[in-house]
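Remarks on the overall topology
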Amino acid sequence: MDAGTLELMEVIMSTTTTIQSSTLGVMPASATGSRRVLFACPDMHWPASALLRAGVLAEGLRDELFVLQVCAPPRTNWRQRHRPDPLFALRRVENLERTRGAAIARCATLLWPTVPDERILSSEGDFVDAVTQSAAERGVELIVLPPQCHDCGNTATRIVASARVPVLVARPGRSHNVVVAATNLADRRYPVLRQARSFGALLHADLLLVHNVVPSFVSLSPETAMLWLAGPPSLQAQLMQRRLAQAAEGLSRCVGTVVKTEPNTVHAILDAARQCDADLIVVGVTRSYSRWQRLWGHGVAARVTQEAQRSVLLFPVAPPSSESTAQAAA
């Protein structure tokens, strides 16, 4: 490789570093003392309603709105993987700048007041890794995603588990301003109810509490199933109904509690949200799942996010302490 080519590569790589520092720029929250909301999208086909909802939330929270556009890196052949290519580095720079320019133009069209150019960012690579890194660098308190992300349920739960920041999958608003809080009542701290109350107050929405008691089938015969459907609620369901009612007493604008006894908790939550045409479902994420567990459909939060027709808020929940678990069982 001659000296001219080496000099060209050094110039391009330094330009790449400069571009990435400006698009991914590290701006810790402590520098300004302000809070931040990050709207992250994997391509340019995200719906306008998702960005508008992120803007409304940022304005309601009095937070700064940042927009992150994550694009796939340019494709390489097997030769480029084994030796440096100055043209490949140049294509990366052009790809980042083109993506950021398109995001700036769309934000200027949709938002008023528009987002300053320095808050519109671009990155490349894995979507979850890019969003997690950007959220950590800026100290954001809420991440908003469009629902068009590939496998948005698992993507959202992975971001919650890695970034430890609430994630809102924003869909168009519904006719009734109701927030559904889906809780398993396993922790007397009631983290889901507290988070739902905070968002309900921000949205000036009513609150509906939902819990599902999965029935224990002795037999899978049709006769047993019909007896269960026709029989009275179980003692466990009655106990959960009382506990949920007690938890609702301290919540303002709580319009009711629903305890279901369905074998599928995901369907129970979605059915409750459909019946009241809720605008938002709030679900906690208590753990992260492996790739095989996600493949087999584990995780109520991920499946609710994937199948819901309304917005879903996921937030990290620390495992309950032994004291709170004992209180819940008492």
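Relevant structure appears above.
Below is a summary of the structure that appears in this document. (Residues numbered from 1 in each chain as written. Predicted model: local features only at pLDDT ≥ 70, side-chain atom pairs only at ≥ 80, totals over all residues. Heavy atoms only, no water.)

Here we look at the pairing of strand β1 (residues 36–41)
Most of β1 is tucked away, with six of its six residues classed as buried. Burial along β1 is two-sided: the face carrying Arg36, Leu38 and Ala40 and the face carrying Val37, Phe39 and Cys41 are both buried. Sheet topology places β1 next to strand β2 (residues 64–71); six bridges connect them, and they run parallel. In the sheet register, Arg36 faces β2, and the bridge partner there is Glu64. Bridging between β1 and strand β4 (residues 142–145) involves three bridges; their strand directions are parallel. Within β4, the position partnered with Leu38 by the bridge is Ile143. (Buried < 20%, exposed > 50% of the residue type's maximum accessible area, 1.4 Å probe, protein only. Helix = DSSP H or I, 4+ residues; strand = E, 2+ residues; numbered from the N terminus. Pairing = 2+ DSSP bridges.)

Thoughts on the packing of aromatic side chains
Taken as a whole and assessed by the stated rule, the structure comprises one aromatic pair. The residue whose ring lies beneath Arg106 is Trp46, and the NZ or CZ to ring-centre distance is 4.2 Å. (Phe/Tyr/Trp six-rings, centres within 6.5 Å; stacked < 30°, edge-to-face > 60°. Lys NZ or Arg CZ within 6 Å of the ring centre and 35° of its normal.)

Regarding helix α9 (residues 235–249)
Look at α9: 22 Å from first C-alpha to last across 15 residues, which is about the 21 Å you get at 1.5 Å a residue. For α9, the full list of buried residues reads Ala237, Met240, Arg243, Leu244, Ala247 and Ala248. The buried residues of α9 occupy one face: seen down the axis, they fall within an arc of 140°. Exposed residues pointing more than 90 degrees away from the buried face of α9 are listed as Leu235, Gln246 and Glu249. (Expected span 1.5 Å × (residues − 1). Arc of directions from axis to C-beta.)

As for the pattern of salt bridges
Taken as a whole, this structure holds 13 salt bridges when the rule is applied. In this structure, Asp279 engages Arg53 in a salt bridge whose closest nitrogen and oxygen atoms are separated by 2.4 Å. With Asp279 in the loop between α10 (265–275) and β9 (280–285) and Arg53 in helix α2 (residues 48–61), the pair connects residues that are 226 residues apart, well separated along the chain. The same class applies to Asp279 as to Arg53, namely buried. Ionic pairing is found between Asp187 and Arg189, a salt bridge with its closest N-O pair at 2.3 Å. (Salt bridge = Lys/Arg side-chain N within 4 Å of Asp/Glu carboxyl O.)

Things to note about the side chain of Asp277
Summarising the element assignment, Asp277 is placed in the loop between α10 and β9. The exposure class assigned to Asp277 is buried, which follows from its relative accessible area of 16%. Look past the residues within four positions of Asp277 in its chain and what remains in contact with it is Arg174, Ser175, His176 and Arg310. (Contact = heavy atoms within 4.5 Å.)

Digging into the sheet that holds strand β7 (residues 206–212)
Pairing in this open sheet of ten strands is mixed, and the strands run β3-β2-β1-β4-β5-β10-β9-β6-β7-β8 from one edge to the other. Here the strands that pair on one side only, and so sit at the sheet edges, are β3 (120–124) and β8 (254–260). Taken pair by pair, the neighbouring strands of this sheet meet at an average axis angle of 20°, ignoring direction. Pairing of strand β6 (residues 178–182) with β7, which is carried by five bridges, proceeds in the parallel orientation. Looking at β7, one finds that Val180 is bridged to Leu208. Helix-sheet contacts for helix α4 (residues 86–110) involve β2 and β3, and the interaxial angle to β3 is about 145°. (Axes fitted to C-alpha atoms, helices over the stretch in contact; angles between N-to-C directions.)

Considerations on the nonpolar core
The biggest cluster of nonpolar side chains holds 45 residues, and the ones touching the most others in it are Phe39, Leu65, Leu142, Val144, Leu168, Leu209 and Val282. Of all hydrophobic cores here, the second largest spans 41 residues; its members include Phe66, Ile143, Ile281 and Ala308. (Core = buried A, V, L, I, M, F, W, Y, C linked by side-chain atoms within 4.5 Å.)

Quick notes on the side chain of Glu64
Along the chain, Glu64 falls in strand β2. A distance of 3.3 Å separates a polar atom in the side chain of Glu64 from a polar atom in the side chain of Arg36. For Glu64, the contacting residues outside a window of four places in its chain are Ser34, Arg35, Arg36, Val37 and Arg119. (Polar contact = N/O pair within 3.5 Å; in protein donor to acceptor, adjacent residues only side chain to side chain.)

Topic: the packing of α10 against helix α12 (residues 300–307)
The interhelical angle for the contact between α10 and α12, taken along N-to-C directions, is 45°, at an axis separation of 9 Å. On the basis of their axis angle, the class for α10 and α12 is oblique. Regarding α10 and α12, the two cross each other, and that crossing is right-handed. Taken together, the residues of α12 that come into contact with α10 (itself represented by Thr265, Val266, His267, Ile269 and Leu270) are Val300, Arg303, Val304 and Glu307. When its residues are assigned to classes, the contact of α10 with α12 shows five nonpolar, two polar and two charged. (Parallel < 35°, antiparallel > 145°, perpendicular 65-115°, else oblique. Left-handed = near helix turned anticlockwise from the far one by under 90°. Nonpolar A, V, L, I, M, F, W, Y, C, P; charged D, E, K, R; others polar.)

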